[in-house]
Amino acid sequence: MVEGNYEKILEKIARASGLDREEIDRRIEAKRAKLAGLISREGAAQIIAAELGLSFDKEKLKINELLPGMRKVNVIGQILSLSPVRGFTTKKGDEGKVVNLIIADETSNIKVVLWDTNHIALIEKGEIGEGHVVEIGNGSMRANELHLGSFSELKKSKEILEKIMKDKVVKEKNISDFTLPDSVSTRAFIVQAFEPKFFYVCSECKKKVGEDFVCGEHGKISPEKRAVMNLVIDDGTESIRSVLFHEQLSKIGMTDLDNSEQLLKQKQELLGKEMVFSGEVRINKFFNNQEFIIDNIQEINSDELIAELEKK
Ligand SMILES: [Zn+2]
């Protein structure tokens, strides 16, 4: 059910080595057993690739083939957007700059972080900008982002990319594989539900207002009531604290927001419910832990589920 990174690596090694996938999988498991399970399947796969003399250094990868931990990454993509150049001072007192880009190819899109002043100068001079296709060499994956340092290359490419993937790509993942930051979906059970909290927003600009119902921009306004709720969801690999905003509450059956007795009952009925949750993994700065901001919830489609099980 999870579109695994492992499958992708397996496929790449199979293609490059000519061995079949079962054989590679067997070698990977043997390597892991030898290392007493101290290494992930992905890590063991990279060792096997090295032992087979395979190197992906010179190879251009597609964006959906980029995996956390990969080094010396080469990829081509079109710039969908870029952030303003931001300056910062390191703890040592050095001045630095950073720029974030989103690049896309036909398979996916990814955030690219530029740290090298020579690369950033290309952007400041307007030589590289939105809509341009760029060729990246020797980048490093940090979590789900591609980082370019002074040893990396960035240049304009003459390649024309057609049908690039502009939409946000949501990956199906186990909760234990959630990384920061990430757009993911997971099928999980609701194991804990907290009481919804209410607040008010300005009916004009939808910004939060206090109990006095005064908006900074619109003055005294007629407020709209909003709710936010915390859940803990668990998919069997791990659990995660999740945040659910107003629009999502009705999708899990929290409809009686003005009737506290009914609401309590509806909250009770959530426990044990299994659904597909999509959203963003973020760090909660207050608790300093990961949290999942849910922006979509789907019922489990039993037909799809059966079809998926039959594939296995
Ligand atoms: Zn307002």
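See the structure printed just above.
Rules of the game
- Starting afresh in each chain, residues are numbered from 1 along the sequence in its written order.
- Where local features are concerned, this predicted model is filtered to residues with pLDDT of at least 70; where side-chain atom pairs are given and counted, the filter is 80 or more; whole-chain, interface and lining totals use all residues.
- Here the side-chain values reflect all heavy atoms present in the structure, with hydrogen atoms and water set aside.
- By definition, any uninterrupted DSSP run of H or I lasting at least four residues is a helix, any uninterrupted run of E lasting at least two residues is a strand, and each is numbered from the N terminus.
- Accessible area is worked out with a 1.4 Å probe on protein chains only. A residue is then buried under 20% of its type maximum, exposed over 50%, and partly exposed in between.
- Positive residues here are Lys and Arg, negative ones are Asp and Glu, while His and the chain termini are left out of the count.
- Charge positions are represented by NZ for Lys, CZ for Arg, CG for Asp and CD for Glu.
- Coordinating donors are taken as N, O and S atoms within 2.8 Å of the metal, stretched to 3.2 Å for Na, K and Ca; because water is absent from the atoms, sites can appear incomplete.
- Working rule for contacts: check all heavy atoms of both residues, and any pair within 4.5 Å makes them a contact.
- Here the nonpolar core consists of buried residues drawn from Ala, Val, Leu, Ile, Met, Phe, Trp, Tyr and Cys, with membership extended through side-chain atoms lying within 4.5 Å.

Here the focus is the overall build of the chain. Across its full length, the chain carries seven helices and 18 strands. Expressed as lengths along the three principal axes of its C-alpha atoms, the size of the chain is roughly 65 × 55 × 45 Å. Relative to its full complement of 312 residues, the chain shows a buried share of 38%. Counting 47 positive and 53 negative side-chain charges, the chain places the centres of these two groups 5 Å from one another.

Attention now moves to the coordination of the zinc ion. For the zinc ion, every protein donor is listed as Cys 202 (SG), Cys 205 (SG), Cys 215 (SG) and His 218 (ND1), and the spread of their distances is 2.1 to 2.3 Å. Written as a sequence motif, the donor arrangement for the zinc ion is C-x2-C-x9-C-x2-H. Here Cys 205, found in the loop between β11 (197-202) and β12 (208-209), pairs with Cys 215, found in strand β13 (residues 214-215); they are ten residues apart in sequence, far enough to count as distant. What makes Cys 205 partly exposed here is its relative accessible area of 24%. You can call Cys 215 buried: its relative accessible area is 6%.

Along the chain, the position of Asn 230 falls in strand β15 (residues 223-234). A residue is classified by how much of its surface remains accessible, and Asn 230, at 18% relative accessible area, is buried. Once residues lying within four places of it in the same chain are set aside, the contact partners of Asn 230 are Gln 192, Ala 193, Phe 194, Arg 241, Ser 242 and Val 243.

This part is about the nonpolar core. The biggest cluster of nonpolar side chains holds 36 residues, and the ones touching the most others in it are Leu 66, Ile 103, Val 112, Leu 114 and Leu 146. Ranked by residues supplied to this core, first place goes to helix α1 (residues 5-17) with five residues. Discounting residues that sit within four places of it in the chain, Leu 114 has contacts with Lys 97, Val 98, Val 99, Leu 101, His 119, Ile 120, Ile 123, Leu 148 and Leu 154. Counting 24 residues, the second largest nonpolar core, distinct from the first, contains Leu 257, Met 275, Val 281 and Ile 294.

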